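# Examination of the molecular architecture
Next come the chains, spelled out residue by residue.
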Amino acid sequence: MELQPIQEPDRPVHPRYRRQRLSRALILLLRGLAWLPFPLLWALAYTLGALVHLFRRGGAVDINLQMCFPEWDKATRRKVARQHYMVLARSLLELGVQVFQPKRRLLNAVTIVGMEHLRAQQGKPVILLTPHFVGMNFAGSAVAEVVPLVAMYSANKDVAFNELLLKARSRFGAPGLISRQQGLRPILKALRAGKPLYYLPDMDFGARDSVFVPFFGHPAATITAVSRIAKAADAVVVPLVVRQLGWWKGYEARFYPGWEAFPSGDEVADAVYMNQFVEARVREMPEQYFWVHRRFGTSPPGTPNRYKPARRP
């Protein structure tokens, strides 16, 4: 047997491996916490979120809320930011339930509303337009259990968490998972085969294939893929909005009526229509939108980046 060299105790560890160790430790923690009853898990999550908020002042959440709700005073924005971290922490801890607990525990916690709007499109290709609210993964799993879905995803740079998220997304039902790098061809194939597309288009994916249209009164890089896919597949857009409910109530996944006269033939007008719909839903539950995302990170030419501090002269 070959002797192994003695490891130097002070030898630096590459940051990538330190992150993996931390990630896998957090996943083990999620697995253990998943055994807690929901009320205890939520209490822990709300406490954790409130603590995180104390150390995250001035970040993307605060900048987004200030841009989108200028009519609010500071106290209101601070309150909503705190609530956001609380519900976000809850969705994170519930990931352990989604991956490691019996399926019935998640399914019993989600109420699906408005299925008649999806049934009304039977026989047609359907795009389930799902905005980024904090419960999208948890409640989306319940929908996947009753609706044969295909979903597009972006790989997480953290290998351990990417494995966890893929397991969470593929455990319920038999969803077809398509990475963004694969392009539109497999999506169109699935739509034409009768599988609804679970699609989350309301993030900043950069200027490519995007148009700058208003979101809460500010120009936001908005992808035009929804109208392009709908046109190419002759698909109907049926919104699916997820709401995280209060104590003892879990989640609600609500289908909305299919959009008429969409796509309109004008990609800019379609992007405006989509943003208006998402904005209206955000105003109904502002603490639950994914404010940690830098929605206005891609700026129109000549416009300063809102998330970078101004340099002193």
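Above this text is the structure in question.
Bear in mind that the values here come from a model prediction, so they are computed numbers and not experimental data. (Residues numbered from 1 in each chain as written. Predicted model: local features only at pLDDT ≥ 70, side-chain atom pairs only at ≥ 80, totals over all residues. Heavy atoms only, no water.)

## What to know about the overall build of the chain
- Looking only at helices and strands, one finds eleven helices and nine strands in the chain.
- Taken against the 2.2 N^0.38 rule, which gives 20 Å for 313 residues, the C-alpha radius of gyration of the chain at 21 Å falls within 12% of a compact globule.
- Overall, the chain is about 70 × 55 × 45 Å in size when its C-alpha atoms are taken along their principal axes.
- In the chain, buried positions account for 50% of the 313 residues.
- In the chain, 78% of the contacts between residues at least 6 apart in sequence involve partners at least 24 apart. (Helix = DSSP H or I, 4+ residues; strand = E, 2+ residues; numbered from the N terminus. Rg over C-alpha atoms; globule rule 2.2 N^0.38 Å. Buried < 20%, exposed > 50% of the residue type's maximum accessible area, 1.4 Å probe, protein only. Contact = heavy atoms within 4.5 Å.)

## As for the pattern of salt bridges
- One pass over the full model with this rule turns up eight salt bridges.
- Across the pair E252 and R254 runs a salt bridge whose closest N-O atoms are separated by 3.1 Å.
- Given the relative accessible area of 17%, E252 is considered buried.
- According to the relative accessible area criterion, R254 is partly exposed, its value standing at 31%. (Salt bridge = Lys/Arg side-chain N within 4 Å of Asp/Glu carboxyl O.)

## What to know about the packing of helix α2 (residues 38–55) against helix α4 (residues 74–100)
- Between α2 and α4, the least distance of the axes is 7 Å, while the angle of their chain directions is 135 degrees. Taken as axis vectors, α2 and α4 run oblique relative to one another. Regarding α2 and α4, the two cross each other, and that crossing is right-handed. Packed against α2, whose contacting residues are F38, L41, W42, L44, A45, Y46, L48, G49, A50, V52 and H53, the element α4 presents R78, A81, R82, Y85, M86, A89, R90, L93, E94 and V97 at the interface.
- Classifying every residue of the contact of α2 with α4 by side-chain character gives 15 nonpolar, two polar and four charged. (Axes fitted to C-alpha atoms, helices over the stretch in contact; angles between N-to-C directions. Parallel < 35°, antiparallel > 145°, perpendicular 65-115°, else oblique. Left-handed = near helix turned anticlockwise from the far one by under 90°. Nonpolar A, V, L, I, M, F, W, Y, C, P; charged D, E, K, R; others polar.)

## Things to note about the sheet that holds strand β5 (residues 197–199)
- Strand order in the open sheet formed by seven strands is β1-β9-β8-β2-β5-β3-β4, and the pairing between neighbours is mixed. Each having just a single partner strand, β1 (110–113) and β4 (176–179) make up the two edges of the open sheet. Between one strand and the next, the sheet's axes are offset by a mean angle of 25 degrees, whatever the strand orientation. (Pairing = 2+ DSSP bridges.)

## Some details on empty space enclosed by the protein
- Under the counting rule described, the total for this entry stands at one cavity of 30 Å³ or more.
- Looking at the largest cavity, its volume works out to about 40 Å³.
- As for the largest cavity, its lining consists of I223, T224, V226, S227, F262, E267, D270, A271 and M274.
- Those elements that provide at least two residues to the lining of the largest cavity are α10 (225–233) and α11 (267–284).
- By residue number, the principal contributor to the lining of the largest cavity is α11, which donates four residues. (1 Å grid on protein atoms, 1.4 Å probe; cavity = no way out; pocket = protein on both sides within 12 Å on 5 of 7 lines; lining within 4 Å. Points joined across faces, edges and corners; volume = space filled by probe spheres on them.)

## Quick look at helix α9 (residues 185–192)
- Taken together, the buried positions of α9 are occupied by I187, L188, A190 and L191. Axial view of α9: buried residues confined to an arc of 160 degrees, hence all on one face. Counted as exposed and oriented over 90 degrees from the buried face of α9: R185, K189 and R192.
- Looking at the buried positions of α9, the neighbouring elements they touch are β2 (126–129), β3 (150–153), β4, β5 and α10. (Arc of directions from axis to C-beta.)

## Re a nonpolar patch on the surface
- A surface patch of nonpolar side chains, about 280 Å² in accessible area, is lined by L22, L26 and L29.
- Turning to its location among the elements, L26 is positioned in helix α1 (residues 15–33). (Patch = residues over 30% accessible without salt bridge, like charges linked within 9 Å, V, L, I, M, F, W, Y side chains within 5 Å. Areas by Shrake-Rupley, 256 points an atom, 1.4 Å probe, with all protein chains shown as cover.)

## Digging into the side chain of R295
- Here R295 shows up in the segment after α11.
- With no salt bridge to any partner, buried R295 finds its closest opposite charge in D204, at an N-O distance of 5.1 Å.
- At 3.3 Å, the side chain of R295 and the backbone oxygen of D202 are in polar contact.
- For R295, the side chain forms a polar contact with the main-chain oxygen of A221, separated by 2.9 Å.
- Once residues within four sequence positions are removed from consideration, R295 is found in contact with N64, D202, M203, D204, F215, A220, A221, T222, N275 and Y307. (Lys, Arg positive; Asp, Glu negative; His and termini not counted. Polar contact = N/O pair within 3.5 Å; in protein donor to acceptor, adjacent residues only side chain to side chain.)

## Things to note about the layout of surface pockets
- Taken as a whole, the second largest pocket holds about 290 Å³ of empty space.
- Lining the second largest pocket, in full, are M152, R180, G183, L184, Y199, F205, R208, D209, I223, A225 and R228.
- Classifying every residue of the lining of the second largest pocket gives six nonpolar, one polar and four charged.

## Things to note about the packing of aromatic side chains
- Scanning all chains against the criterion turns up 17 aromatic pairs.
- On the basis of an interplanar angle of 85 degrees and a centroid distance of 4.9 Å, the ring pair of F215 and F216 is categorised as edge-to-face. For the pair F215 and F216, one class covers both residues: buried.
- For the ring pair F215 and Y289, a centre distance of 6.1 Å and an interplane angle of 50 degrees mean the geometry is tilted. Placement of the pair is F215 in strand β6 (residues 210–215) and Y289 in the segment after α11, with a sequence separation of 74 residues. Like F215, the residue Y289 is buried in the burial classification. (Phe/Tyr/Trp six-rings, centres within 6.5 Å; stacked < 30°, edge-to-face > 60°.)

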